[in-house]
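# Fold and geometry: a report
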Amino acid sequence: MSVLPMMVRATGLAALSSILLAAGSGLPIPQANAQGYYYGGGGWSDPYYKPRKVKKAKRPPAEISEEDTSKASGKKGKDEEIAERPAKGPLVINVSINRQRLTVYDQTGPIASSPVSTGRVGYATPTGVFSVVQKKRMHYSNLYESAPMPNMQRITWSGVALHAGALPGYPASHGCIRLPHGFSKKLFGITSMGTRVIVSRDPVTPVSITHTNLFTAFPPDGDLATGSTTAQETRVADASSAAGNAVSGVIGVTMAAAAEGETGSPARLTYRERRRLEAEKLTAEIRTAGFAKAEKQIQLTQAHKAAAATRAPLTAARAEAERLDSQLHELETSLASAQHELEELKAPPQESGKGKRKAKAIDGSKRIAKIAALEEKIARLPGEIEAVRPALEHAKDALATAETAAKEAEDQRRAAMNELSEANATLARGLSKEQAAKKLQEMRDRPVSVFISRAKQRLYIRQGYDDVLDVAVTFDRPDEPIGTHVFTALDFADNKTDMKWSVSSVPYDPSRAAKKKKDKQAKSKAPEPTPAVDLSSQTAAAALDRITIPEDVREQIADVMKPSSSIVISDLGIGNETGAYTDFIVPIR
């Protein structure tokens, strides 16, 4: 057998294998190569193989469906668990990055669970304490080419959200938390704005907790009126002075009112009675400020008229003084001119010559007449001058009197204007306090969010996304880590003053942050030793034991405490994502 046909056949078989692989994978076949394979040289004019027509790949669906996400996860809904019963009480959602799992808890325990896909390398999902700040059934990303985000629940305004997406079984998103489509739809239906979301490395499970340092609640106003329940109020401790005037903006009861309640009556008034009395006092202050403003407006109007009445006499007196002063000046000038001219006429004529003035030629009779007229004028002008001088002095006195009167009237007008401005400011301050009190009253039915920072040694309160309190607190052993603890008020206790609480705790290990800092340092530098931290000691009860909160702050919090309120205790400060239309956002590490 010839070698050439064998080589041709071998080449044809290799080409055929390549074509079959290309056709099976759906890849387009280059035309030049195809012609060489099918119509190669050597006498063959007919193709010995006719390939299948390559079908174009279908475009992926515009929206992600439940079937797509189930196939992507490899388990069609087997990892999703949803309780048949309705949720009871406030919800807490935990997303575990290490487990790639989301679990929803109500006050009885877990009610739903599902696999998730969090941020991949370079787009890590941030860990921390968040809340739902926006919900949209269908949202399109404004960062990643309008990618669809069904059942979107935003937890940061910078772009992190819960939404339906493909679940490959590992972190694959740009930072969001992807959910199966069906589960995301059901989760969207049971959550609400403000639902707490905790993103952590390891799973976090809320547990029930009771502690004497947890905030209590005042009973409803009706119970106080009927006396069915006694409010558990305590006297304001000396530590309350550390709160300063910051406390005055919480619910509208100032430190002054608290002091009046303390010293003005034998039995200390309840907090709500003091709040009511201060509201009445504020109303009276506003009414008084309104009357004062009206009175100052009347006084200013009268001062305007009085000042205007002094302007005409002042103008007339100034004109008269200027006229007499001008008249006196003319008379004195005229007298001096006549005397100078008379001296020239009586002086003997001088010979004309170089450097000498030529005497003015004048007729003798005219000269005598001119001298007589000048002498008569010189004799008459002093009398006229002496007659004008007293009149001028009198006019100057009248002008000074008019100027004094006008100045006093103007001073009174300016004083009236200043008093009216102060009255306006006083009224504006009262109205501003009233507006703030109304706003706080409108928010009284909303849950309260309390954040306590060991790093800042301060307690912050937000209600309705607005800051209402910033006050100093005291930590025992402030240099030791305390952990992150998220307390949720589930419901009122039977006595209507205590609250039923749950807590989710995440230990804080400062050595992790120290290790990252060491990695950034130069290798030549010796790393500083980091003390070991006992993470098991960072319990919620231990954290509450280490914090001292002023009693007056506790009372004001108790006045608005209700189910769904929360307390977050952290080693760190407020996260930079906290802002308008957010609850406290607190990083975990």
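Procedures and definitions
Just so you know, the residues in each chain are numbered from 1, in the order the chain's sequence is written. In keeping with the predicted nature of the model, local features appear solely for residues at pLDDT of at least 70, side-chain atom pairs appear and are counted solely at 80 or more, and the whole-chain, interface and lining totals rest on all residues. Based on all heavy atoms of the structure, the side-chain values leave hydrogens and waters out of the count. Counting from the N terminus, the helices are the DSSP runs of H or I reaching at least four residues and the strands are the DSSP runs of E reaching at least two. Exposure is judged per residue with a 1.4 Å probe applied to protein chains only, and the accessible area is read against the type maximum: over 50% gives exposed, under 20% gives buried, and values in between give partly exposed. What makes two residues a contact is simply this: any of their non-hydrogen atoms within 4.5 Å. All accessible areas in this document rest on Shrake-Rupley with a 1.4 Å probe, and a residue is counted as covered only by the protein chains that are shown. At least two DSSP bridges between two strands are required for those strands to pair. By nonpolar core we mean a set of buried residues, namely Ala, Val, Leu, Ile, Met, Phe, Trp, Tyr and Cys, connected to one another through side-chain atoms within 4.5 Å. Comment: axis = line fitted to C-alpha atoms, over the contacting stretch for helices; angle = value between 0 and 180 degrees taken between N-to-C directions. For this document, the term salt bridge refers to a Lys or Arg side-chain nitrogen within 4 Å of an Asp or Glu carboxyl oxygen. Residue-level confidence of the predictor is summarised by pLDDT, bounded by 0 at the bottom and 100 at the top. Think of a patch as exposed residues, more than 30% relative accessible area, with no salt bridge, where like charges cluster within 9 Å and nonpolar side chains (Val, Leu, Ile, Met, Phe, Trp, Tyr) cluster within 5 Å. Pairing of aromatic rings covers Phe, Tyr and Trp, the last counted by its six-membered ring, and requires centre-to-centre distances within 6.5 Å; plane angles under 30 degrees mean stacked, over 60 mean edge-to-face, and any other angle means tilted. For a lysine, the NZ atom is tested; for an arginine, the CZ atom; a charge sits over a ring if that atom is within 6 Å of the ring centre and within 35 degrees of the ring normal. For the purposes of these results, a polar contact is taken to be a pair of N or O atoms within 3.5 Å, where, inside protein, one atom must be able to donate a hydrogen and its partner to accept one; residues adjacent in sequence count only when each atom of the pair is a side-chain atom.

Moving on, we get to the overall build of the protein. Looking only at helices and strands, the protein has eleven helices and 20 strands in total. For the protein, with 589 residues in total, the buried portion stands at 37%. Within the protein, counting contacts between residues at least 6 apart in sequence, those at least 24 apart form 69% of the total. Here the protein displays about 34,300 Å² of accessible surface, and carbon together with sulfur accounts for 55% of that area.

Burial of strand β10 (residues 196-200) is extensive: five of the five residues sit out of reach of the surface. Judged from the five bridges that link them, strand β2 (residues 92-96) and β10 form a sheet pairing that is parallel. What sits directly across from valine 95, in β10, is valine 199.

Within the largest apolar cluster, 33 residues are counted, with the highest numbers of intra-cluster contacts made by Ile452, Leu459, Phe487 and Trp501. At the level of secondary structure, the elements contributing two or more residues to this core comprise β12 (448-453), β13 (458-463), β14 (466-472), β16 (484-492), β17 (499-506), α10 (540-545), α11 (551-560) and β19 (566-570). Apart from residues no more than four positions distant in its own chain, leucine 459 is found in contact with Phe215, Val450, Phe451, Ile452, Leu469, Asp470, Val471, Val473, Ile549, Val553 and Ile557.

On to the sheet that holds strand β7 (residues 148-154), then. Strands pair in a sheet through their backbones, by hydrogen bonds, and they do so in one of two ways: parallel or antiparallel. Pairing is mixed across the open sheet formed by four strands, whose spatial order is β6-β7-β8-β9. Looking at strand neighbours, the two that pair on one side only are β6 (134-140) and β9 (177-179), the edges of this open sheet. Ignoring strand direction, the axes of neighbouring strands in this sheet form an average angle of 25 degrees. Bridge count for strand β8 (residues 161-164) against β9 is three bridges, and the pairing is parallel. Within β9, the position partnered with leucine 162 by the bridge is isoleucine 177.

Moving on: the pattern of salt bridges. Here the structure, examined in full by the defined rule, presents 24 salt bridges. Its salt-bridge partner being glutamate 419, residue lysine 296 comes within 3.1 Å of it at the nearest N-O pair. Separated by 123 residues along the polypeptide, lysine 296 in helix α7 (residues 271-346) and glutamate 419 in helix α8 (residues 364-442) bring together distant segments of the chain. For glutamate 419, a relative accessible area of 35% translates into the label partly exposed. A salt bridge links glutamate 341 to lysine 370; the shortest N-O distance between them is 3.4 Å. Of this pair, glutamate 341 sits in helix α7 while lysine 370 sits in helix α8, placing them 29 residues apart in sequence. The class of lysine 370 is partly exposed, set by a relative accessible area of 36%. When salt bridges with common partners are traced through the structure, they connect Glu332, Glu386 and Arg389 into a single cluster.

With 72% of its residues at a pLDDT of 70 or more, the protein shows a mean pLDDT of 79. At the level of individual helices and strands, the protein shows its lowest average pLDDT in helix α2 (residues 31-38), which scores 35, and its highest in β2, which scores 97. Low pLDDT (under 50) marks residues 1-77, which in the prediction has 53 contacts with non-local residues, meaning those over four places away or in another chain. A low-confidence stretch, residues 224-267 stays under pLDDT 50, and its non-local contacts, those more than four residues away or across chains, total 82 contacts.

This brings us to the sheet that holds strand β20 (residues 586-587). As summarised here, the arrangement of the seven strands in space is β1-β4-β3-β2-β10-β5-β20, forming an open sheet in which the pairing is mixed. Both outer strands of the open sheet, β1 (81-82) and β20, are each paired with one neighbouring strand and no more. Strand direction decides the pairing type here: β1 and strand β4 (residues 109-115), joined by two bridges, are antiparallel. Residue pairing for β4: glutamate 81 is matched across the bridge by serine 113.

This part takes up the side chain of histidine 139. Looking at the element boundaries, histidine 139 is found in strand β6. Setting aside residues up to four positions removed in sequence, histidine 139 forms contacts with Ala147, Pro148, Met149, Met152 and Arg154.

Here we come to a nonpolar patch on the surface. Taken together, Tyr123, Leu143 and Tyr144 make up a surface patch of nonpolar side chains, about 290 Å² in accessible area. Structurally, leucine 143 is set in the loop between β6 and β7. Residue class for leucine 143 comes out exposed when judged on its relative accessible area of 55%.

So, about the packing of aromatic side chains. Taken as a whole, this structure holds two aromatic pairs when the rule is applied. Centre to centre, the rings of phenylalanine 451 and tyrosine 460 are 6.1 Å apart; their planes meet at 20 degrees, and the pair counts as stacked. Accessibility assignment for this pair places phenylalanine 451 and tyrosine 460 in one class, buried. Members of the aromatic cluster, connected to one another through ring pairs, are Phe451, Tyr460 and Phe584. Lying across the ring of phenylalanine 188, lysine 135 places its NZ or CZ 4.4 Å from the centre. Over the ring of phenylalanine 584 we find arginine 462; its NZ or CZ atom is 6.0 Å from the centre of that ring.

Turning our attention to the pairing of strand β3 (residues 101-106). Among the six residues that make up β3, five are buried, leaving the element largely enclosed by the rest of the structure. Relative to β3, β2 is paired through five bridges, and the arrangement is antiparallel. Paired with serine 96 across the bridge in β3 is arginine 101. In sequence, β2 turns back onto β3 through a hairpin of four residues, with glutamine 100 there showing a positive phi of about 50 degrees. Where β3 meets β4, six bridges bridge the pair, whose relative direction is antiparallel. Looking at β4, one finds that leucine 102 is bridged to serine 114.

Bringing the environment of aspartate 476 into the picture now. Inspection of the secondary structure assignment puts aspartate 476 in the loop between β15 (474-475) and β16. Its relative accessible area of 42% is what places aspartate 476 among the partly exposed residues. Separated by 3.2 Å, the side chains of aspartate 476 and arginine 477 make a polar contact.

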